[in-house]
Amino acid sequence: MDELRGTSRTLYGIISGGEHGLGPRTYLYAIDPYDLTNWTYLHPLTNDLPSNFIPSERWGGDFGINWECSNFFTLHDDSGKAYEVFIAGSEGGEEQSWATRHRKLHPDNPKRTPRYSNWALGQLAKKENGEVRLEMRQAGLLDCGVLYAATSFVAPDGRRILWGWMIEEDLPDADLMERGWTGCFGVPRELFIQKVDGVVGALRSDLHAIGSVDVTPSPGGYAVSTLGTRPLAELAGLDGAKVFDYSPSPLQPLQTCVRNAPLSCRIDATLHVFDKTESVSLLLRHSDDLTTATAITFDCREERLIVDRSKSTNRPDINTAPEIGSHTLYRIADKTSATGTLEPLRLTVFLDHDVIEVFANDRLAISTRVYTDARHTGISLASVGGGQVENLTVWEVEGARGSG
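This section reports on the structure supplied with the text. (Residues numbered from 1 in each chain as written. Predicted model: local features only at pLDDT ≥ 70, side-chain atom pairs only at ≥ 80, totals over all residues. Heavy atoms only, no water.)

**A few points about the pattern of salt bridges**
Stated precisely, the cut-off is as follows: Criterion for a salt bridge: a side-chain nitrogen of Lys or Arg within 4 Å of a carboxyl oxygen of Asp or Glu. We call a residue buried when its accessible area falls under 20% of the maximum for its residue type, exposed when it is over 50%, and partly exposed in between, using a 1.4 Å probe and counting protein chains only.
Enumeration over the complete set of coordinates arrives at 28 salt bridges. The salt bridge partner of Arg266 is Asp268, with a shortest N-O separation of 2.7 Å. A relative accessible area of 11% places Arg266 in the buried class. Salt-bridge contacts for Asp373 lead to Arg375; the nearest nitrogen and oxygen are separated by 3.0 Å. Three or more residues joined by partner-sharing salt bridges are found here, namely Arg112, Asp170, Arg309 and Glu323.

**Quick word on the packing of aromatic side chains**
Defined as follows: Note on aromatic pairs: the rings of Phe, Tyr and Trp (six-membered ring only in Trp) are paired at centre separations within 6.5 Å, and the planes decide the class, stacked below 30 degrees, edge-to-face beyond 60, tilted for the rest. Each helix corresponds to a stretch of at least 4 residues labelled H or I by DSSP, and each strand to a stretch of at least 2 residues labelled E; elements are numbered beginning at the N terminus. We call a charge positioned over a ring when the NZ of a Lys or the CZ of an Arg lies within 6 Å of the ring centre and within 35 degrees of the ring normal.
Tallied over the full model, the rule gives eight aromatic pairs. Aromatic pair Tyr27 and Tyr41: ring centres 6.2 Å apart, planes at 55°, arrangement tilted. With Tyr27 in strand S2 (residues 23-31) and Tyr41 in strand S3 (residues 39-44), the pair connects residues that are 14 residues apart, well separated along the chain. Taking relative accessible area as the criterion, Tyr41 reaches 40% and is therefore assigned partly exposed. Here the aromatic cluster, defined as three or more aromatic residues joined through ring pairs, consists of Tyr27, Tyr29, Trp39 and Tyr41. One Lys or Arg, Arg160, reaches over the ring of Phe73 and ends 4.0 Å from the middle of that ring. A cation over a ring is seen here: Arg179 above Trp181, with NZ or CZ 4.0 Å from the ring centre.

**Things to note about helix H2 (residues 97-105)**
Quick reminder of the rule: Residue contacts follow a heavy-atom distance rule, with two residues in contact if any of their heavy atoms lie within 4.5 Å.
Those residues of H2 not exposed but buried are Trp98, Ala99, Thr100 and His102. For H2, the secondary structure elements touched by its buried residues are strand S20 (304-311) and strand S21 (323-326).

**Let's talk about the environment of Asn118**
Applied cut-off: Here a polar contact is taken to be a pair of N or O atoms separated by no more than 3.5 Å, where protein atoms must pair a possible hydrogen donor with a possible acceptor and residues adjacent in sequence count only if both atoms sit in side chains.
Along the chain, Asn118 turns up in strand S6 (residues 115-126). Residue Asn118 is classed as buried on the basis of its relative accessible area, which comes to 1%. When the C-alpha atoms of Asn118 and Glu91 are compared, they prove to be 11 Å apart, with 27 residues separating the residues in sequence. Ignoring any residue separated from it by four or fewer positions in sequence, one finds Asn118 in contact with Gly61, Asp62, Phe63, Phe86, Ile87, Ala88, Ser90, Gly140, Leu141 and Leu142. Within the structure, Asn118 has its side chain in polar contact with the side chain of Ser90 (distance 3.1 Å).

Here's what the structure looks like:
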């Protein structure tokens with residue numbers, strides 16, 4: 001920003017908002033480093049929306065009409081290539097189609113306010129009038145569930161750390177009033193540029209049609225880059241006893257792994273899918289007869305990761321709409337296969353009583369709440385069309401903060 005503006009050692013501040021008829025805005029200010037109360041307005045940070053940039057509906061979120069908690073920073077991939085990163089919560093967007101369908105079937109359920117936790121990658125460019133604007137080129141969601149109002153900071157070792165708020169809107173107001181509090185933080189996450197080399201395709205989609213990735217030629221195929229998100233490495237320090245460790249084996253239609261899992265645990269799973277595989281699922285908080293369960297399902301045909309909460313409780317007054325995020329697996333160049341070898345589905349799941357946070361391949365996150373009877377603590381795997389388990393490990397988590 002300084003280089004393009006012809007300045008040096010400037011401090012910058014941003015304020016989020018929106019303008020009637022023009023859409024969401026993040027306003028850029030120069031701040032006097034010797035007087036932090038002295039802010040000079042420069043111009044909007046991004047090019048106008050939506051006329052300049054419309055994110056992929058399939059792979060991104062809705063930028064809405066008003067932004068909150070904007071962040072703007074630079075990240076580099078492992079080759080040193082710089083990406084300008086913009087994140088913002090958006091209000092005023094359209095409700096997701098699956099949420100609308102659920103609401104029409106369950107009109108008495110608590111209704112969520114449509115919100116999106118957006119990110120975009122791009123480059124700064126100087127306009128003819130001298131303004132330096134961010135041209136957004138790829139976009140996606142920081143979290144495809146209830147995490148919102150995310151903000152970030154730089155750790156002493158240079159990592160970009162993100163915190164977010166898990167909004168709680170699925171319980172009736174009477175329950176929240178009786179409890180006296182609502183919501184919680186999600187686990188802290190690291191944002192980074194994930195770059196995968198030698199990619200020759202995706203599970204189903206055309207790589208170039210995926211609006212959340214930057215695709216450039218590389219030896220043997222393409223280099224595919226996107227904004228990565230993964231749990232903070234320090235969270236491994238909360239691991240207690242290892243509850244379960246599953247050895248490699250073929251995926252069965254249903255296989256029970258743990259009948260009495262801790263209510264606070266971390267689950268790591270590596271699952272291989274084949275071209276014939278229709279879906280693979282990790283079932284959590286389930287009863288012995290599976291009439292109660294939450295299913296984390298990767299739909300291979302639709303390239304979607306789904307947290308199905310429809311059987312998480314038998315209370316009809318709790319919103320159990322699914323959480324859904326678009327997700328694909330890359331085909332990596334392999335001399336033994338003309339179509340490449342599919343990368344495995346790698347899941348990390350933090351379960352803390354009624355809180356579930358899912359991370360897939362370090363590039364997709366889904367956070368949600370399930371209000372399941374504390375007696376139901378089973379963990380199982382399931383598949384339609386087969387697959388292979390490389391590993392499934394469950395650790396008890398110490399010092400957890402769930403509400404029970």
